Amino acid sequence: MEVRILFNSAGIEENLSTGWGVSFLIGDSVLFDTGEKGESLLNNTKEMKVDLSLIRDVVISHDHWDHTGGLGDILHGRQDINVYACPGFSDEFKAKVRSGHNRLFESDGFVEVVKGIYLTGEIIGEYKGGDISEQAVVVDSDKGLTVITGCAHPGIVKILDLVRNKFPDRPFYSVFGGFHLMDKHSRNIHSIINVFKELGIKKAGPTHCSGTESENVFKKEYGDSFLTAKAGETIYI
Ligand SMILES: [Zn+2]
Ligand SMILES: [Zn+2]
C-alpha cells in the first residue's frame with residue numbers, strides 16, 4: 001500500500017505548493033485531509049499526476065481550515081464522493097458538504113472505509129479551552145498497522161491506545177502526521193517516544209504541528225526510520 005503526501009509545509013520539488021496543513025492520498029481512492037487551500041492541493045495533484053477521478057472517500061480529521069481548505073475544490077462537480085466527518089464538526093461544515101451532491105457520513109466509532117482502511121471515528125480533545133472532535137486513519141497492511149493523524153489534538157498517545165485496543169493482535173508499523181507537540185517539553189516528548197517504542201512502532205513521522213523540537217528528538221531516536229513526510233513523497237506501508 002502507498003501513501004502519497006499531497007501537501008505539507010515542505011516539499012521535495014520546487015513546483016510543489018507548500019504551506020500550513022496536510023493532505024495524504026491513501027492508495028488511489030482515499031484522501032485524508034485537504035491542506036489549507038484548493039489551489040495548492042490541485043497544483044500538487046497535477047504535478048504528482050494524481051488521478052482525482054479515482055477518489056471515492058474523503059476523510060477530514062478535524063474541522064480546522066488547514067485540513068478542510070481544499071475540500072470544496074475536491075467535491076466540485078462530483079456526486080460520488082463519501083465525505084467522512086465527526087458528529088462534533090461545525091454545522092457550517094456539514095451544511096457545505098450537504099449542499100452539494102456528495103454524501104456526508106459522521107462516525108463516533110471505528111469504521112472500515114475500504115478493505116483494510118479504518119477511521120477511529122470521533123475522539124474528543126481539548127483545544128483553546130473548548131472541545132474538539134478529531135479522527136485518525138488506521139491502515140492494516142501486510143507490514144502491520146499504520147496510523148495517520150491530522151493534528152492529533154486529542155493526544156497522540158490517546159489515539160494510539162484506542163488503536164491498540166481495537167486491533168490487539170496486530171503489530172504496529174508506522175505512525176505519521178501532526179502530533180501537536182509544539183508546546184511540549186523535551187521530557188514529555190521523550191516519554192511519548194517511549195510509548196512509541198513500547199508499542200513497537202517501527203517508523204515515525206511527526207510533521208505539521210508536531211514542532212521542531214519533537215521532530216528533532218524523533219529524528220535522533222528513529223534515525224533511518226524517521227519519516228519526513230514532505231509533499232511529493234510516497235510512503236510505503
Ligand atoms: Zn493542523
Ligand atoms: Zn488543528
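As a reminder, the structure under discussion sits directly above these lines.
Here we summarise the structure given alongside this text. Bear in mind the structure is a predicted one, so any value in this text is a computation, not a measurement.

1. Looking at the packing of helix H6 (residues 186-198) against helix H7 (residues 212-222)
Thinking step 1. Contact geometry of H6 with H7 gives a least axis separation of 10 Å together with a crossing angle of 45 degrees. Viewed along their axes, H6 and H7 adopt a mutual orientation that is oblique. As for the relative orientation of H6 and H7, their crossing is right-handed in sense. On H7, the residues touching Ser186, Ile189, His190 and Ile193 of H6 are Glu213, Ser214, Val217, Phe218 and Glu221.
Thinking step 2. In terms of residue class, the contact of H6 with H7 is made up of four nonpolar, three polar and two charged.

2. A word on the pairing of strand S14 (residues 203-207)
Thinking step 1. Burial analysis of S14 places five of its five residues in the buried class, which makes it a mostly covered element.
Thinking step 2. Covered by surrounding structure in S14 are Lys203, Gly205 and Thr207 together with Ala204 and Pro206, the residues of both alternating faces.
Thinking step 3. Across five bridges, strand S13 (residues 172-178) lies against S14 in parallel orientation. Residue pairing in the sheet places Ser174 in a bridge with Lys203 of S14.

3. Overview of unusual backbone geometry
Thinking step 1. One non-glycine residue, Lys49, lies in positive phi territory at about 55 degrees.
Thinking step 2. Tracing the backbone shows Lys49 in the loop between helix H1 (38-47) and strand S4 (57-59).
Thinking step 3. Residue classification places Lys49 among the exposed residues on the basis of 6 C-beta atoms within 10 Å.

4. Let's talk about the sheet that holds strand S7 (residues 111-114)
Thinking step 1. One open sheet accounts for six strands, arranged S7-S8-S11-S12-S13-S14; its pairing is mixed. If you trace the sheet from one side to the other, it starts and ends with S7 and S14, each paired once. On average, adjacent strands in this sheet sit at an angle of 20 degrees to one another, irrespective of strand direction.
Thinking step 2. Pairing of strand S12 (residues 144-149) with S13 involves five bridges; the strand directions are parallel. Bridged to Val147 within S13 is Val175.
Thinking step 3. Sheet contacts for helix H5 (residues 156-166): strand S11 (137-141), S12 and S13; angle to S12, the most-contacted strand, approximately 145 degrees.

5. Points about the pairing of strand S10 (residues 130-134)
Thinking step 1. With five bridges connecting them, strand S9 (residues 123-127) and S10 associate as antiparallel partners. Pairing of Tyr127 across the sheet is with Gly130, part of S10.

6. Some remarks on the sheet that holds strand S2 (residues 23-26)
Thinking step 1. The strand order across the open sheet formed by seven strands is S6-S5-S4-S3-S2-S1-S15, and the pairing between neighbours is mixed. Where the open sheet ends on each side, the last strands, each with one partner, are strand S6 (103-106) and strand S15 (234-236). Taken pair by pair, the neighbouring strands of this sheet meet at an average axis angle of 25 degrees, ignoring direction.
Thinking step 2. With three bridges connecting them, strand S3 (residues 30-32) and S4 associate as parallel partners. Opposite Phe32, over in S4, you have Val59 as the bridge partner.
Thinking step 3. Taken strand by strand, H1 contacts strand S1 (2-7) and S2, and its axis lies near 135 degrees from that of S1.

Thresholds, definitions, all that
- Residues numbered from 1 in each chain as written.
- Chains lettered and ligands numbered in written order.
- Predicted model: local features only at pLDDT ≥ 70, side-chain atom pairs only at ≥ 80, totals over all residues.
- Axes fitted to C-alpha atoms, helices over the stretch in contact; angles between N-to-C directions.
- Helix = DSSP H or I, 4+ residues; strand = E, 2+ residues; numbered from the N terminus.
- Parallel < 35°, antiparallel > 145°, perpendicular 65-115°, else oblique.
- Left-handed = near helix turned anticlockwise from the far one by under 90°.
- Contact = placed C-beta atoms within 7 Å.
- Nonpolar A, V, L, I, M, F, W, Y, C, P; charged D, E, K, R; others polar.
- Buried ≥ 20, exposed ≤ 12 C-beta atoms within 10 Å, placed from the backbone.
- Pairing = 2+ DSSP bridges.

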